[in-house]
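Chain and residue survey
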Amino acid sequence: MTSAMTWLDPLRTTVPEIDDTGWLDLHRLADAFGGLCATASTSPQDPAAWSRWLLGLRRELAARGHRAPAGRAGLVWQTLAQFTAGFHDLDLRDATGPGHGAMILAEGTPQAGTRWGALLAAGELVGIAATERHGGSRIQEITTRATVRRDGTWRLTGEKCWVSRLMESAGFVVFFRDPDGRISAAAVDVDQPRLEREVIEPFGLGGWSWGVLRLHEVPVDPATDMVGRTGDGLGVFRRHFARFRPLITATALGTAAGVHTLVTDALAAKTRVGVLPRVRDNALVVLGRTHAEITAALLAAITISRLAGDAHPHADFAARVGKAAGVDTAVRAVADLAPLIGAAGFQRAHPVAKARADLTGLLYADGIHDSLYRSGGITLLGEPVARVVPIRPGIAAADRYGKTA
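Just so we're clear, the structure is a prediction, and the values are computed from it rather than from any experiment.

With respect to the overall build of the protein chain
Tallying secondary structure elements over the protein chain gives 11 helices and 7 strands in all. Here the protein chain has a C-alpha radius of gyration of 21 Å; the compact-globule value for 405 residues is 22 Å, and the two agree. Along the three orthogonal principal directions, the C-alpha set of the protein chain runs to about 80 × 45 × 45 Å. Residue burial in the protein chain is summarised as follows: out of 405 residues, 53% are buried. Within the protein chain, contacts between residues at least 6 apart in sequence are counted, and of these 77% link residues at least 24 apart. When the accessible surface of the protein chain is totalled, it reaches about 17,600 Å², and 55% of it is carbon and sulfur. For the protein chain, the distance from the average position of its 45 positive side-chain charges to the average position of its 41 negative side-chain charges is 2 Å.

Here's what the structure looks like:
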């Protein structure tokens, strides 16, 4: 049976950070995805039930011990794990790992790290609340603000828009202006009575609920709830997305690989039984080209994860343009592959049609692609981009991923 590992195993020698145990764990994870997805009791056609199933799957994988290895290999392994998740469905983009909770684990206070680390290890979700009405790429323009109380605690007031994992998250990392007007971040528990959530139905890229988060004087204790240093919210955001974007890119490429496999298997089956006398040359060209493009983009995502794991100065730039280019590759591949399967692939409930809609949504999530490319161009013109140094196995690195779930 063709699986995500059919794509990943040929890349094994290019990923020296992952040892035999790590590859065995990836095979186990791929098998777990295959079994759990094959026995799913609901479908994306019922959004609320689908979200519950996805969260249940995340918790089940956590209970089975599927998690990234400690140390330098962790972020690279997680990249491949997310490819295996996306191979089944882009809605599995949060199936493994800490997701946005990685910010708390990497940069939260000891109290926040202990509390949220246990929840994330059990499969709970943490959302990110950064975007406001003006859009998410201009975080420096946020208006959500903290005011000081007499006891030294803060109260957050503002509105966050287009927040994913809105109803499923156990908490959010909220970005706001601290009492001195600087951008800061803090972990906020979802059980706060002063939080208001409004769900909006998206077009494509479903799975998790999505909508508006309103904060009405939500309490935050700067001694225990901060993520990163006070005033370093923009740095927290950039460092996190340098790690997070290659994971999303790999998930999207896994979705494209899943469509490629589905189309290839369907064409092969039709030729075996004589429905198709032969596969036309133009279809063969599409199969070969898209396979090469997906593989090349995945190798790029792996490289970006290495840079992020090493806190390399090139990582933020590479993650921005790499995410845009990688998801563009996935979108084009699925668009080119879809006609090869015929009219069946354009049914609303068909996996290929769902993949196309989901990937289109991803062009706007975690940074609109034109904005990511533009910011990359600004970086190239205005800031010297650090020379990429070849990364060799065994070199000690500043790793912030080993303590994640």
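Things to note about the pattern of salt bridges
One pass over the structure, following the stated rule, counts 26 salt bridges. Lys-354 is the partner of Asp-91 in a salt bridge, and the nearest nitrogen-oxygen pair spans 2.8 Å. One end of the pair, Asp-91, is in the loop between α4 (73-88) and α5 (102-107); the other, Lys-354, is in helix α10 (residues 351-362), and 263 residues separate them in sequence. Residue Asp-91 shares its accessibility class with Lys-354, and that shared class is buried. One network of salt bridges, in which partners are shared, links Asp-89, Asp-91, Arg-93, Lys-354 and Asp-358.

Points about the nonpolar core
If you look at the biggest cluster of nonpolar residues, it comprises 85 residues, and the most contacted ones within it are Phe-83 and Phe-175. The dominant element in this core, judged by the number of residues it contributes, is helix α7 (residues 233-272), at 13 residues. Among the nonpolar cores identified, the runner-up in size contains 18 residues, and Leu-156, Val-163, Phe-176 and Ala-186 belong to it.

Remarks on the confidence of the model for the protein chain
Confidence in the prediction for the protein chain averages 89 pLDDT; 91% of positions are at 70 or higher. Predicted confidence is poor over residues 388-405, with pLDDT under 50, and the contacts of this stretch with residues over four places away or in other chains come to 39 contacts.

Topic: empty space enclosed by the protein
In this structure the tally under the stated criterion is 4 cavities of 30 Å³ or more. Computed from the structure, the second largest cavity encloses a volume of approximately 70 Å³. Residue lining of the second largest cavity: 13 residues in total, with Gln-82, Arg-93, Thr-96, Gly-99 and Leu-247 positioned closest to the centre. Looking at the lining of the second largest cavity, the elements with two or more residues in it are α4 and α7. Residue contributions to the lining of the second largest cavity peak at 4 residues, all from α7. Considering only residue class, the lining of the second largest cavity consists of 5 nonpolar, 6 polar and 2 charged.

Quick notes on the UniProt feature "domain: Acyl-CoA dehydrogenase/oxidase C-terminal" (unreviewed entry) in the protein chain
The feature "domain: Acyl-CoA dehydrogenase/oxidase C-terminal" (unreviewed entry), as annotated in UniProt, sits at residues 231-359 in this numbering. Measuring from the first to the last C-alpha atom of residues 231-359 gives 34 Å, for a span that is 78% helix and 0% strand.

Observations concerning the side chain of Gln-82
Here Gln-82 lies in helix α4. Residue contacts for Gln-82: discarding those within four places in its chain leaves Leu-92, Arg-93, Asp-94, Ala-95, Thr-96, Leu-247, Ala-250 and Thr-251.

Overview of the packing of helix α8 (residues 281-309) against helix α9 (residues 315-337)
When two helices pack together, their arrangement is given by the angle between the helix axes and by the axis-to-axis distance. One can describe the packing of α8 onto α9 by two numbers: an axis separation of 9 Å at closest approach and a directional angle of 160 degrees. Considered as vectors, α8 and α9 are oriented roughly antiparallel to each other. For the crossing formed where α8 meets α9, the hand is left-handed. Listed contacts from α9 to Val-286, Leu-287, Arg-289, Thr-290, Glu-293, Ile-294, Ala-297, Ile-304, Leu-307 and Ala-308 of α8 are Ala-315, Ala-318, Ala-319, Gly-322, Gly-326, Thr-329, Ala-333, Asp-336 and Leu-337.

Things to note about α8
Compared with the 42 Å implied by 1.5 Å per residue over 29 residues, the 42 Å span of α8 between its first and last C-alpha is a close match. Directly beyond the C-terminal end of α8, a positive phi value near 55 degrees is found at Ala-311.

A short note on the pairing of strand β3 (residues 154-164)
On any regular strand, side chains alternate: one points to one face of the sheet, the next to the other face. Burial within β3 is extensive, with 8 of its 11 residues counted as buried. The pairing of strand β2 (residues 145-148) with β3 spans 4 bridges and is classified as antiparallel. Residue pairing in the sheet places Val-148 in a bridge with Trp-154 of β3. Counting the residues that bridge the hairpin from β2 to β3 gives 5 residues, and of these Gly-152 lies at a positive phi of roughly 90 degrees. By the bridge criterion, 8 bridges tie β3 to strand β7 (residues 210-220) in an arrangement that is antiparallel. Residue pairing for β7: Arg-155 is matched across the bridge by Pro-219.

Thresholds, definitions, all that
Residues numbered from 1 in each chain as written. Predicted model: local features only at pLDDT ≥ 70, side-chain atom pairs only at ≥ 80, totals over all residues. Heavy atoms only, no water. Helix = DSSP H or I, 4+ residues; strand = E, 2+ residues; numbered from the N terminus. Rg over C-alpha atoms; globule rule 2.2 N^0.38 Å. Buried < 20%, exposed > 50% of the residue type's maximum accessible area, 1.4 Å probe, protein only. Contact = heavy atoms within 4.5 Å. Areas by Shrake-Rupley, 256 points an atom, 1.4 Å probe, with all protein chains shown as cover. Lys, Arg positive; Asp, Glu negative; His and termini not counted. Charge placed at Lys NZ, Arg CZ, Asp CG, Glu CD. Salt bridge = Lys/Arg side-chain N within 4 Å of Asp/Glu carboxyl O. Core = buried A, V, L, I, M, F, W, Y, C linked by side-chain atoms within 4.5 Å. pLDDT = per-residue confidence, 0-100. 1 Å grid on protein atoms, 1.4 Å probe; cavity = no way out; pocket = protein on both sides within 12 Å on 5 of 7 lines; lining within 4 Å. Points joined across faces, edges and corners; volume = space filled by probe spheres on them. Nonpolar A, V, L, I, M, F, W, Y, C, P; charged D, E, K, R; others polar. UniProt positions renumbered as here; feature names shortened; annotations may be inferred. Axes fitted to C-alpha atoms, helices over the stretch in contact; angles between N-to-C directions. Parallel < 35°, antiparallel > 145°, perpendicular 65-115°, else oblique. Left-handed = near helix turned anticlockwise from the far one by under 90°. Expected span 1.5 Å × (residues − 1). Pairing = 2+ DSSP bridges.

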